[in-house]
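Okay, here's what each chain looks like letter by letter:
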Amino acid sequence: MASMAKEETTEEVISIGLKYAKDDLIVGVEGGGTSFAVCISRLIDSVESSSGTRQHGWPINPDKVVLDMEILLEEEFPTSDDPKETLVRISNFLIFHRPVKGSYSSLGIACFGPVGLNASSADYGTILPTTPKANWRNVNVLAPILEACGNCYHKFDTDVNAPAMAEYMLCQQQQNHPARPSISSLAYVTVGTGVGVGLIINCRPVHGMMHPEGGQIHVPPMEGDTFQEGYSWGEKCPYRGKHTVEAIASSVALVERLEAMQKEDDAVHMVKPSTSSESSNKRASILKDLEDTHPIWSHAAFALANLCVTLILLNSIEKIVLGGGIVQRGEVLLHQVRSNTLMLLNGYIDTEALRNINEFITTSRFGNKAGLVGALVLGKLALEGGRNKEDHSATQRKGEVMDAEYRNIPAKGSINENNIFWKGFAVGYRSGLAVGVYATAVICLVLFGLTSRNKGGNQYPARLRI
């Protein structure tokens, strides 16, 4: 009966693709360690944005508008230990809401990693073998979701590079504000089950050899730190998980440190290396109940401050945005991160940005939706990039045709180009042969005439006599 009721409820749901058949629909997928968030949005134009109403008169909910996109529908799917189960559920959801034209306008995926980002590589769109989520190693996340979307324009990136780009685009929208000058670089740091860093340098996300793995940067521990063994996830990580940002500031490391400090036997099960959503929720619950003055927050803040200093010194970064569950601790943690950052810099760098440290190191303005918004931004950029290429190609083809008409030659790639070429060649060959025969005949006649006249004593041909 429950199954039947569910089916009836599903039938009553109106397909977004049917309801918004004439709109550009963008899909955003955020792949996280505990769940996959899926969102369908529509691109809104400047007229709709200023008027607050859609073209057909329906009002636009301002709380659902982000970076010129209106969020129409959101759904969340648990990150199952069976990747196929999760991906099939996501695909079915997207197929049900797919536009009647056969595909969405574009797709953006922001996924936990490490992931393959080189589009020319065989592992593009795949979670790499070094991920701590063993069941998801070598799983191609992009292929089934892209197929469900109708093989539309798409972009695939990490779950930190994507929100970094979203934060950067938001800064660019507000660049005319005197307190927020235009920037070309930004770092997004997420602190949760792990620690990840997304980088925007020269207005573009950093990929390179793979993508940034800033959570694995080695940092000095606080003086007197006795937690020297590293965290349980660190066995296959750089430095074997000892004295890295993630080994100190992640929720896994913080709970393990707490267990070591309190010597609580009943906490052992909850801090064993596990990637299940249940274990993640238990870790979050343990940390949530801790008082703000607990010493583990000082260790986390010191590690994050070291990371901020590294980003400043190495990348000359212009803004640092912090997100993730640990950062939700609030201003207590943020204050320590900011003050430790200035203390560690020791006055070596003195800029207007650092003097306004509260604006330089901030939390995400998208809150806990930063990853999903980042995925939508990837989709929007994919759509813009794809259409720009189409426009460029169309302009190039038009230019070739116009040039061909001007010169009266077939355009490259035009219909019957080869046939016209060979016909022209044949005509030219026959014409050339006829002209050659005619010229040879004339020359022979002239020579024959000269010879015969010279025999008669005349010095010049008749037509040249003086």
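See the structure printed just above.
Reading the values: the criteria
- Residues numbered from 1 in each chain as written.
- Predicted model: local features only at pLDDT ≥ 70, side-chain atom pairs only at ≥ 80, totals over all residues.
- Heavy atoms only, no water.
- Buried < 20%, exposed > 50% of the residue type's maximum accessible area, 1.4 Å probe, protein only.
- Helix = DSSP H or I, 4+ residues; strand = E, 2+ residues; numbered from the N terminus.
- Pairing = 2+ DSSP bridges.
- Contact = heavy atoms within 4.5 Å.
- Axes fitted to C-alpha atoms, helices over the stretch in contact; angles between N-to-C directions.
- Phe/Tyr/Trp six-rings, centres within 6.5 Å; stacked < 30°, edge-to-face > 60°.

Caption draft 1: Spatial organisation of the pairing of strand β7 (residues 186-191). Burial within β7 is extensive, with five of its six residues counted as buried. When β7 meets strand β8 (residues 195-201), the two strands line up antiparallel, connected through six bridges. Across the sheet, residue V189 finds its bridge partner in β8, namely V197. With antiparallel pairing between neighbouring strands as the criterion, β7 and β8 make up a hairpin whose turn holds three residues. Here β7 pairs with strand β10 (residues 320-323) via four bridges, running parallel. Paired with V189 across the two strands is L322, which belongs to β10.

Caption draft 2: Molecular detail of the sheet that holds β10. Read from one edge of the open sheet, five strands run β9-β8-β7-β10-β11, paired in mixed fashion. The open sheet has two edge strands with one neighbour each: β9 (204-205) and β11 (361-363). In the packing of helix α11 (residues 295-315) onto the sheet, the strands contacted are β7, β8, β10 and β11, and the crossing angle to β8 comes to about 20°. The sheet contacts of helix α12 (residues 331-345) involve β10 and β11, and relative to β11 the element is tilted by about 165°.

Caption draft 3: Main features of the packing of aromatic side chains. Counting across every chain of the model gives four aromatic pairs. Arranged with centres 5.8 Å apart and planes meeting at 65°, the rings of F77 and F93 form a pair that is edge-to-face. Placement of F77 in strand β4 (residues 69-78) and of F93 in helix α4 (residues 83-96) is noted, with a sequence separation of 16 residues between them. Exposure remark for F77: the relative accessible area of 6% places this residue in the buried category. With relative accessibility at 11%, the residue F93 sits in the buried group. Centre to centre, the rings of Y124 and F156 are 6.1 Å apart; their planes meet at 75°, and the pair counts as edge-to-face. Of the two residues, Y124 sits in the loop between β5 (106-111) and α5 (142-148) while F156 sits in strand β6 (residues 153-158), which places them 32 residues apart along the sequence.

Keep in mind that these numbers describe shape and distance, not what the molecule does.
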